[in-house]
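# Per-entry structural report
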Amino acid sequence: MKSFYRSLLLLVFSVFLSAQAVGQEVLNIDIAGVGNKQIPIVIAGFSNEATAPEKVTNIIKADLARTGMFRLIGTDAIIGESADIDYRKWRAQGADALVVGTLVKSPDGKIDVRYRLFDLGKSSQLSALSMLAPASMTRATAHKIADDIYEKLTGHKGIFATRIAYVTKTGNEYRLEIADADGGNKLVALRSKEPIISPSWSPDGTRVAYVSFEAKKPVVYVQNLVTRQRTMVANYKGNNSAPSWSPDGSRLAVALSKDGYTQVYTVSANGGALKQITQTRSINTEPQFSPDGQWIYFTSDRSGGPQIYKVGVNGGNPQRVTFHGNYNISPRVSPDGKSLAYISRRGGYQLYLLDLTNGQEQRLSDTSRDESPSFSPNGQFIMYATNGGRGALSVVSVDGRVKQRLSMKASDVREPSWGPFMK
């Protein structure tokens, strides 16, 4: 836990010092749908919450509610972390789980957040954490507690302490923004009068690759969010686009048109060591590494219309992956490598999910102008952009039951990329 806060403190502090301030506009989140089975849970008020700049319990409740997997049972009770628990009382209110906690402010101004999670059916404690961090990190602490609750009760790692990258456009200004998964703690990594597209997180969460048009053509950059150092990694003749990280963070897959037709290449994350992967008289673009690093998925029109293929990381004979519909683009592989998210045009442009183990396909969105899917690091949700007059972000669970919409009143929001688990 200490390593989490050490790395997160360094990252947030460095970005805060170097990024330009954002206005007050934040992502508004609307939620629809519930999971197949909701877990009834009580989040009691933590004792001494006034010592922190934000209420820890409110952040935890909001995190859990967004998943659609929890039914929050209201209570006015304030229960400290050391209190004795009356299991029968809380079971009688229909709850399966109970969360209690305490905040203790240390002389140096840091806040120790102590929490316990109880399984009311078994009358036992499921988890307990104590996390000491600066008061400014209250939100991060609350997200980490919500992650622990989510994991203990669902069996999947939580994603509330992760971050997202996305591009906003207000007037004639484009911004690459970084935020918590709930849209909080928003910071600007880059401002430009020219478009910014295709942000992609490095596996360690310290760098973002993206395409900028500031040179009046698409060029691929990698930006270190800690040091603010920016490296140009692909600026060849023609278009340089669609960066995607290898699982070990050493390389990027990119699409380049330097020799005519757009082809898939790999390049060092520092630039150089260029290697061509596809070689055809067709367009090959939007490359994505598989989680095991053995394959690169990409979009190609070699069959007459855009479809998704995969090829070995050292090249070879590509294999076609999508066969339903005549227009499939933007492949994204799930963290476990078992599913493929993509955009398919069947009337409108919609988000689909393909089970790579059995070929079964499911439509996940009910909008018609979807783009840029991105898996959550636990593989349970997919974020994507949708354009209904003004660009917004949407999140859908992989079973299609729970949907969120993230929007800003005054800005277009597009090009989402969900960051990895913090190490």
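Residues numbered from 1 in each chain as written. Predicted model: local features only at pLDDT ≥ 70, side-chain atom pairs only at ≥ 80, totals over all residues. Heavy atoms only, no water.

## Things to note about the nonpolar core
Here is the rule we go by: Take the buried residues of types Ala, Val, Leu, Ile, Met, Phe, Trp, Tyr and Cys, join any two whose side-chain atoms come within 4.5 Å, and each joined set is a nonpolar core. Throughout this description, buried means an accessible area under 20% of the type-specific maximum (1.4 Å probe, protein chains only), exposed means over 50%, and partly exposed covers the range between. Numbering goes from the N terminus for both helices and strands, where a helix is a DSSP run of H or I of at least four residues and a strand is a run of E of at least two. Contacts are assigned to residue pairs with any non-hydrogen atoms lying within 4.5 Å of each other.
Counting residues in each nonpolar core, the largest one holds 38 residues, and the members touching the most others are Phe46, Ile60, Ile145 and Ile149. When residues of this core are assigned to their parent elements, the largest contribution, five residues, is made by helix α4 (residues 138-154). Beyond its immediate sequence surroundings of up to four residues, Ile149 is in contact with Ile41, Ile60, Leu64, Val99, Tyr115 and Leu117. Within the second largest apolar cluster, 14 residues are counted, among which are Val167, Trp201, Tyr210 and Leu225.

## Some words on the sheet that holds strand β14 (residues 240-245)
To keep it simple, the criterion reads: Any two strands with at least two DSSP bridges between them are considered paired.
Reading across from one edge, β14-β15-β16-β17 is the order of the four strands in this open sheet, with antiparallel pairing throughout. Every other strand in the sheet has two partners, leaving β14 and β17 (275-276) as the edge strands with one partner each. Pairing of β14 with strand β15 (residues 251-256) involves four bridges; the strand directions are antiparallel. Paired with Ser241 across the bridge in β15 is Ala255.

## Topic: the packing of helix α2 (residues 56-66) against α4
Going by this rule: Helix axes use the C-alpha atoms of the stretch in contact, all axes being lines fitted to C-alpha atoms, and the angles between their N-to-C directions lie in the range 0 to 180 degrees. To sort the angles, those under 35 degrees are grouped as roughly parallel, those over 145 as roughly antiparallel, those from 65 to 115 as roughly perpendicular, and the leftovers as oblique. Definitions for this section: a left-handed crossing has its near helix turned counterclockwise from the far helix by less than a right angle. A right-handed crossing has that turn clockwise. Here the term charged refers only to Asp, Glu, Lys and Arg, the term nonpolar to Ala, Val, Leu, Ile, Met, Phe, Trp, Tyr, Cys and Pro, and the term polar to all other amino acids, Gly among them.
As a packed pair, α2 and α4 sit with axes 9 Å apart at the nearest point and diverge in direction by 45 degrees. In this view, α2 runs oblique relative to α4, as classed from their interaxial angle. For the crossing formed where α2 meets α4, the hand is right-handed. Along its contact with α2, which presents Val56, Ile59, Ile60, Asp63 and Leu64, the element α4 presents Thr138, Arg139, Ala142, His143, Ile145, Ala146 and Ile149. Its residues assigned to classes, the contact of α2 with α4 comprises eight nonpolar, two polar and two charged.

## Focus on the sheet that holds strand β6 (residues 124-133)
Reading across the sheet, the five strands line up as β3-β2-β4-β5-β6 and stay open at both edges, with mixed pairing between neighbours. Of all strands in the sheet, those bounded by a partner on one side alone are β3 (70-72) and β6. Mean inter-strand twist for the sheet, computed between neighbouring axes without regard to direction, equals 25 degrees. Pairing between strand β5 (residues 111-119) and β6: nine bridges, direction antiparallel. Paired with Asp112 across the two strands is Leu132, which belongs to β6. In this fold α2 packs onto β2 (39-43), β3 and β4 (97-105), with an angle of close to 170 degrees to the strand it touches most, β2.

## Focus: α4
This is how it is decided: One fewer than the residue count of a helix, multiplied by 1.5 Å, yields its expected span.
The end-to-end C-alpha distance of α4, which contains 17 residues, comes to 24 Å, matching closely the 24 Å that a straight helix rising 1.5 Å per residue would cover. Counted residue by residue, α4 has 12 buried out of 17 residues, so it is predominantly covered. Taken together, the buried positions of α4 are Thr138, Arg139, Ala140, Thr141, Ala142, His143, Ile145, Ala146, Asp147, Asp148, Ile149 and Tyr150. Positive phi shows up at Gly155, right after α4, with a value of about 85 degrees.

## A closer look at the pattern of salt bridges
Going by this rule: A pair is scored as a salt bridge if a Lys or Arg side-chain nitrogen falls within 4 Å of a carboxyl oxygen belonging to Asp or Glu.
Applying the stated criterion to the full structure yields 16 salt bridges. Asp180 serves as the salt-bridge partner of Arg139, at 3.8 Å between the closest nitrogen and oxygen. One end of the pair, Arg139, is in helix α4; the other, Asp180, is in strand β8 (residues 173-180), and 41 residues separate them in sequence. Of the two residues, Arg139 and Asp180, both sit in the buried class. Arg175 is paired through a salt bridge with Glu173; the nearest N and O atoms lie 3.2 Å apart. Residue class for Arg175 comes out buried when judged on its relative accessible area of 9%. Judged by its relative accessible area of 18%, Glu173 is buried. Among the ionic contacts, a cluster of salt bridges with common partners joins Glu173, Arg175, Glu177, Lys186 and Arg191.

## Remarks on the pairing of strand β26 (residues 370-375)
Along β26, five of the six residues are buried, which leaves the element largely enclosed by surrounding structure. Bridge analysis of β26 against strand β27 (residues 381-387) gives four bridges, and the strand direction is antiparallel. Bridge assignment links Asp370 to a residue of β27, and that residue is Thr386. Remark: five residues form the turn of the hairpin made by β26 and β27, two consecutive strands paired antiparallel; Gly379 in that turn has positive phi of roughly 75 degrees.

## Things to note about the side chain of Gln263
The condition is simple: Counted as a polar contact is a pair of N or O atoms within 3.5 Å, where, for protein atoms, one must be capable of donating a hydrogen and the other of accepting one, and residues adjacent in sequence contribute only when both atoms are in side chains.
The topology assignment puts Gln263 in strand β16 (residues 263-268). A polar contact is formed between the side chain of Gln263 and the backbone oxygen of Thr280, at a distance of 2.6 Å. At a separation of 3.1 Å, a polar atom in the side chain of Gln263 contacts the side chain of Asn284. Residues in contact with Gln263, not counting those within four places in the same chain, are Val254, Ala255, Leu256, Gln276, Thr278, Gln279, Thr280, Ser282 and Asn284.

## A closer look at empty space enclosed by the protein
Going by this rule: Buriedness of a pocket was judged along seven lines, with at least five required to meet protein on both sides within 12 Å; pockets are open sets of points on a 1 Å grid over the protein atoms alone, cavities are sets where a 1.4 Å probe fits but cannot get out, and lining residues have an atom within 4 Å of a point. Grid points are joined across faces, edges and corners, and a volume is the space filled by probe spheres set on the points.
Throughout the structure, instances matching the rule amount to two cavities of 30 Å³ or more. In this structure, the largest cavity occupies an estimated 100 Å³ of space. Every residue along the wall of the largest cavity is listed here: Arg66, Thr67, Ile159, Phe160, Ala181, Phe381, Met383, Val395, Gln404, Leu406 and Trp418. Among the elements of the structure, β27 and β29 (403-407) are those that each provide at least two residues to the lining of the largest cavity. Split into classes, the residues belonging to the lining of the largest cavity amount to eight nonpolar, two polar and one charged. Space inside the second largest cavity adds up to approximately 40 Å³. Among the secondary structure elements, those contributing two or more residues to the lining of the second largest cavity are β5 and α4.

## Things to note about the environment of Gln380
Tracing the backbone shows Gln380 in the loop between β26 and β27. Measuring from C-alpha to C-alpha, the distance between Gln380 and Asp399 comes to 8.3 Å, with 19 residues separating the pair along the chain. When residues no more than four places from it in sequence are discounted, the contact partners of Gln380 are Tyr150, His156, Val396, Ser397 and Val398.

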